[in-house]
Amino acid sequence: MNTAFQPTISFAAAQDMSDGLASFKSKFHFPQHEGKDAIYFCGNSLGLQARSVEAAIRQELEDWRNLAVEGYFRAKNPWLFYHTHFSETMAGMMGCSPEEVTVMNTLTVNLHLILQSFYRPTKERYRIVMEAGAFPSDQYALETLVRLHGLDPDDALVEIHPREGEKLLRTEDILDTIARQGNSLAMTLMGGINYYTGQFYDIPAITAAAHQQGAYAGWDLAHVAGNIPVQLHDWNTDFAVWCSYKYLNGGPGAAGGLFVHERHGNDPAFPRLGGWWGNDEKTRFRMEKGFVPKPGAAGWQISTAQVFNMAALKASLELFKDAGIENLRAKSLRLTAYLEFLLGQTSLPCEIITPGDPQQRGAQLSLFFPKDGTAIHARMMESGIICDYREPGVIRLAPAPLYCSYADVLRFHDVLKSFS
Ligand SMILES: Cc1ncc(COP(=O)(O)O)c(C=O)c1O
Ligand SMILES: Nc1ccccc1C(=O)C[C@H](N)C(=O)O
């Protein structure tokens, strides 16, 4: 595919002309740099604000002003059911039924909650396999979880490391580590895409390996949601959590997503921490004893929907519905490949550590700089390229296909040329 790429304005312009998703760029606000839109490659950390967000929030402000408590029932988008607006679009992206998915709280909170359901250690079966170098919040969550159960993290948490001299995990090593735990394995918990390397793991193979040992497979899909379409139901994953402020553009602190496979979600006896929002809607207002969970992931809801927070996500997901996650992925594969091609034309002193196989990565490329990474990152930022730096030594570039163009990627390359 790369042989057809050209580092020229005419090539990039022709790509943008034939891109059926190009018009979505104008639906977003961009940070400004010297009077022009900055190049935004940080959608893997915080997605941009859709222009439609303001009106969506204004609608809820008006309904609150005019209807007050009646808004729960009579708002344009009745607040009682606000969280259900997302189910269909989220289900489409995550490959599950609308009942298997819900939106609530935030990522690490949801991780803790769902771990209460799925991590029920016994004397024999208590180990959790995870990737070494998982996002710190996940590491802290698992460390504190096993301590809460009186276990020693050094024994209960089994981290998979890359081989000596390598930066990525080999699937065979992940599967081997899982198999070696045997009956002691309670669960695997991996990031679908590692935030640092950008590696997309083999979710179905890892899930099947965990099941083979009689364990659950859980996933943190923060860097997958809205980036790579997945098939959580068919892949038999037990549960997954993600945030909505990265590729999904829900805004800082946006309500997070939760998937629970129907084989667990439809079991009312499945252990959980409940609250009235997860209770059967018919009896929610009876004010009686006895928790009766709603079927599906919604049975893990706890509190009243965070309407203002969710309004931004609602507006953003409408754009995803229009664009189509499969179309976005198809563009993303090409856009990131173009970025990779152009990086290959420069003499930047770095190595792309993200897998070269497009099926093993999403939008993000991670550049490892043995030295001067922070200085080079600072120069990129001064030049109007918004990207981030993660210790040790990595600059992450994520051209989100919803609002990044081929011309952006080329402009980035032109800026890099001025560095040497
Ligand atoms: C993989 C991963 N897990 C967890 C988090 C933490 O999410 P939150 O602050 O929404 O709990 C992030 C990002 O902040 C992340 O990228
Ligand atoms: N929530 C944040 C607050 C402040 C700064 C960054 C974040 C991120 O989300 C970082 C992202 N998870 C990452 O992959 O680095």
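Thresholds applied
- Residues numbered from 1 in each chain as written.
- Chains lettered and ligands numbered in written order.
- Predicted model: local features only at pLDDT ≥ 70, side-chain atom pairs only at ≥ 80, totals over all residues.
- Heavy atoms only, no water.
- UniProt positions renumbered as here; feature names shortened; annotations may be inferred.
- Helix = DSSP H or I, 4+ residues; strand = E, 2+ residues; numbered from the N terminus.
- Contact = heavy atoms within 4.5 Å.
- Near = heavy atom within 4 Å.
- Polar contact = N/O pair within 3.5 Å; in protein donor to acceptor, adjacent residues only side chain to side chain.
- Areas by Shrake-Rupley, 256 points an atom, 1.4 Å probe, with all protein chains shown as cover.
- Disulfide = S-S within 2.5 Å.
- Buried < 20%, exposed > 50% of the residue type's maximum accessible area, 1.4 Å probe, protein only.
- Salt bridge = Lys/Arg side-chain N within 4 Å of Asp/Glu carboxyl O.
- Phe/Tyr/Trp six-rings, centres within 6.5 Å; stacked < 30°, edge-to-face > 60°.
- Lys NZ or Arg CZ within 6 Å of the ring centre and 35° of its normal.

- Under an unreviewed UniProt entry, the name given to the chain is Kynureninase, and the organism recorded is Chitinophaga pollutisoli.
- Checking UniProt for the chain, the heading Subunit (unreviewed entry) contains the comment "Homodimer."
- For the record of the chain, the UniProt heading Cofactor (unreviewed entry) holds the text "pyridoxal 5'-phosphate".

## A short note on the environment of aspartate 16
Then, number 1: For aspartate 16, the position within the fold is in helix H1 (residues 9-17).
Then, number 2: Ignoring sequence-local partners within four residues, the contact set of aspartate 16 consists of Ala22, Ser405, Tyr406 and Ala407.

## Let's talk about the site of ligand 2
Then, number 1: In the vicinity of ligand 2, the contacting residues are Ser45, Phe135, Tyr195, His223, Tyr245, Lys246, Arg390 and Arg396.
Then, number 2: Interatomic distance of 2.7 Å between a side-chain N/O atom of arginine 390 and an oxygen atom of ligand 2.
Then, number 3: Expressed as a share of its isolated accessible area of 370 Å², the protein-covered part of ligand 2 is 59%.

## Comments concerning the state of the cysteines
Then, number 1: Counted under the stated rule, the structure contains zero disulfides.
Then, number 2: Of all cysteine sulfurs in the structure, the one in cysteine 42 sits closest to cysteine 387, which takes part in no disulfide; the separation is 6.7 Å.
Then, number 3: Judged by its relative accessible area of 2%, cysteine 387 falls in the buried class.
Then, number 4: Between cysteine 404, a cysteine without a disulfide, and cysteine 42, which holds the nearest cysteine sulfur, the sulfur-to-sulfur distance is 10 Å.

## Re the pattern of salt bridges
Then, number 1: Inspection of the entire model under this criterion finds 19 salt bridges.
Then, number 2: With a shortest N-O distance of 3.7 Å, aspartate 280 and lysine 282 are connected by a salt bridge.
Then, number 3: Under the relative-accessibility criterion, lysine 282 is labelled exposed at 68%.
Then, number 4: Between arginine 390 and aspartate 388 there is a salt bridge; the shortest N-O distance is 3.6 Å.
Then, number 5: Classification of arginine 390 as partly exposed rests on a relative accessible area of 27%.
Then, number 6: Assessed through its relative accessible area of 7%, aspartate 388 is described here as buried.
Then, number 7: Overlapping salt bridges bring together Arg163, Glu172 and Asp173 as one network.

## Some points on unusual backbone geometry
Peptide bonds are mostly trans, and most non-glycine residues show a negative phi.
Then, number 1: Cis geometry is found at the peptide bond from glutamate 391 to proline 392, where omega equals -10°.
Then, number 2: Tracing the backbone through its elements, the reader meets proline 392 in the loop between strand S14 (388-390) and strand S15 (394-397).
Then, number 3: The phi torsion at asparagine 236 lies on the positive side, around 65°, for a residue other than glycine.
Then, number 4: Tracing the chain through its elements places asparagine 236 in the loop between strand S8 (216-220) and strand S9 (239-242).

## Things to note about the packing of aromatic side chains
Then, number 1: Counted according to the given criterion, the structure contains 22 aromatic pairs.
Then, number 2: Arranged with centres 5.0 Å apart and planes meeting at 85°, the rings of phenylalanine 135 and tyrosine 195 form a pair that is edge-to-face. Remark: tyrosine 195 occurs in the loop between strand S7 (185-191) and helix H9 (203-212) and phenylalanine 135 occurs in the loop between strand S5 (127-131) and helix H6 (136-148); sequence separation between them is 60 residues.
Then, number 3: Among the residues examined, phenylalanine 135 registers a relative accessible area of 37% and is labelled partly exposed.
Then, number 4: The class of tyrosine 195 is buried, set by a relative accessible area of 13%.
Then, number 5: Taken together, Phe5, Phe11, Tyr338, Phe341 and Tyr406 form an aromatic cluster joined through their ring pairs.
Then, number 6: Stacked on the ring of tryptophan 277, the Lys or Arg arginine 284 has its end atom at 4.0 Å from the ring centre.

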